[in-house]
Amino acid sequence: MKRALALMLSAVLAPLAVPAAALSSPPSATSNASVITWNEYAQAAIWDVARENPWVQSRSFAMVQGAVYDAVNAIAGRPYEPYLSAPRTTGRESTDAAVAAAAHRVLAALFPAQRDRLQAQYDTYLAGIPDGRAEQSGIAVGERTADAMLAARAGDGAFGVEAFPVGTGPGQWRPTPPTFANAGAWSADLRPFVLPRADLFRTAGPPSLTGATYTRDFGEIKVIGAVNSATRTADQTDAARWWHDRRLGQWEINRQLAVTQRLSAVQSARLLAMVNIAASDANTACFNEKRHWGFWRPVTAIQLADTDGNPDTTGDPTWMPLLITPGSPDYTSGHACATGSNMTILRLFFGRDDIPFHATSADTGTTRYFTSFSGALTELINARVWGGIHFRSADTAGAGVGAKTSLYLYLHTFRRR
């Protein structure tokens, strides 16, 4: 496993091909429309209405898609290992009804304030499915897998009140302007969906304040990440803002690939479960890193550089980044963890890197196009530097944690039976 991790991680972080070994079963005639539709409905509940923060979004999506996958996989004859449960089925159950029941039941439990809206949406969807035994048995399957997911995640540590430790010395994190937020620390202890523990992929930590790596990172972000940078291009500015949109383009990308690659219902459900569960565990691992290392953000580092003991860094008490700095420590980058995880799962699932895709940001109104998963990850790493909110070392380390998390999931779960 260690050898596989090393080889695959190097492949993920460089534009190299991954051996094709992903779509374990051929596409069937079963439409994936219900899987796509209820993923869109989940996005509406999780983001459009609830406006959940990134470290909360990942858990919610993982719960919904895990329940949907188990339901679809059971009806398809369990071609893959179930995530949690595999209700007994005959194969004559309505997959559409099962998907709707699983997703609705989890969403209604997660968002009690939206229950009336979700119930109306569910009733309308079921009205489009022929009444009868297939519909009712499909609903029963979906409800069972949803109940298994809700039971498994009860008491998992979500929504705790812990805060990140605040320091005052060189290199130590403290809340940053303009929000001075301290948020998301509880996710460092969230019980993982797949990983045996949150610190499984502990890194070596941020670079020394007086070393060459830190000096390089400091000089780079001070110039290109400043709100008034004279060297950042218009496209780099757009990329920084595009990737910062909390209505993640990744959700659109996942659905788009399920359609353009003509995945069946079970393949689509498997892909969405894998990518979202891996992303949640990568987020947990990343926030565990953040709390463990407690490294300061670039805005603090640059404003207080005259105190860092490094003769090659110069402070600027007026320096501010292009983007608003999130309320958590720098190392490792949460977005890099998530994107490293997402792009790794997509490469492993499809068995290749060079699949084109695109997505549009509601914040910027722009669409960005990519020709490979590795290319998208590279842009994200750069974009966090261009936005002035993460040192490059935090981004590359985060991408590594995300890649390792996804490879662990790929080797241990959702396998073809």
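Residues numbered from 1 in each chain as written. Predicted model: local features only at pLDDT ≥ 70, side-chain atom pairs only at ≥ 80, totals over all residues. Heavy atoms only, no water.

A. Region of interest: the environment of D217. Note that D217 resides in helix α7 (residues 212-224). Sequence spacing of D217 and I75 is 142 residues, and the spatial spacing of their C-alpha atoms is 51 Å. Within polar-contact distance, the side chain of D217 engages the side chain of S393 at 2.4 Å. (Helix = DSSP H or I, 4+ residues; strand = E, 2+ residues; numbered from the N terminus. Polar contact = N/O pair within 3.5 Å; in protein donor to acceptor, adjacent residues only side chain to side chain.)

B. Looking closely at the environment of E252. For E252, the location among the structural elements is in helix α9 (residues 249-260). Separated by 108 residues in the primary sequence, E252 and T360 place their C-alpha atoms 8.2 Å from one another. E252 has contacts with H358, A359 and T360, leaving out every residue within four places of it along the chain. (Contact = heavy atoms within 4.5 Å.)

C. Local environment of helix α10 (residues 265-293). With 29 residues, α10 should reach 42 Å at 1.5 Å per residue; the first-to-last C-alpha distance of 42 Å fits that figure. With 26 of its 29 residues buried, α10 lies for the most part within the structure. Backbone geometry just after α10 places G294 at a positive phi near 50°. (Expected span 1.5 Å × (residues − 1). Buried < 20%, exposed > 50% of the residue type's maximum accessible area, 1.4 Å probe, protein only.)

D. Spotlight on unusual backbone geometry. Geometrically, the link from P177 to P178 is a cis peptide bond, its omega value of 5° lying close to zero. Summarising the element assignment, P178 is placed in the loop between α6 (133-153) and α7. Not every positive phi belongs to a glycine, and F180 is a case in point at roughly 55°. Topologically, F180 is positioned in the loop between α6 and α7. Here F414, not a glycine, exhibits a phi torsion of approximately 60°, which is positive. If you trace the backbone, F414 turns up in the segment after α14 (392-412). Taking the relative accessible area as the measure of exposure, F414 reaches 1% and is therefore buried.

Interpretation note: all reported values are geometric properties and have no functional meaning in isolation.
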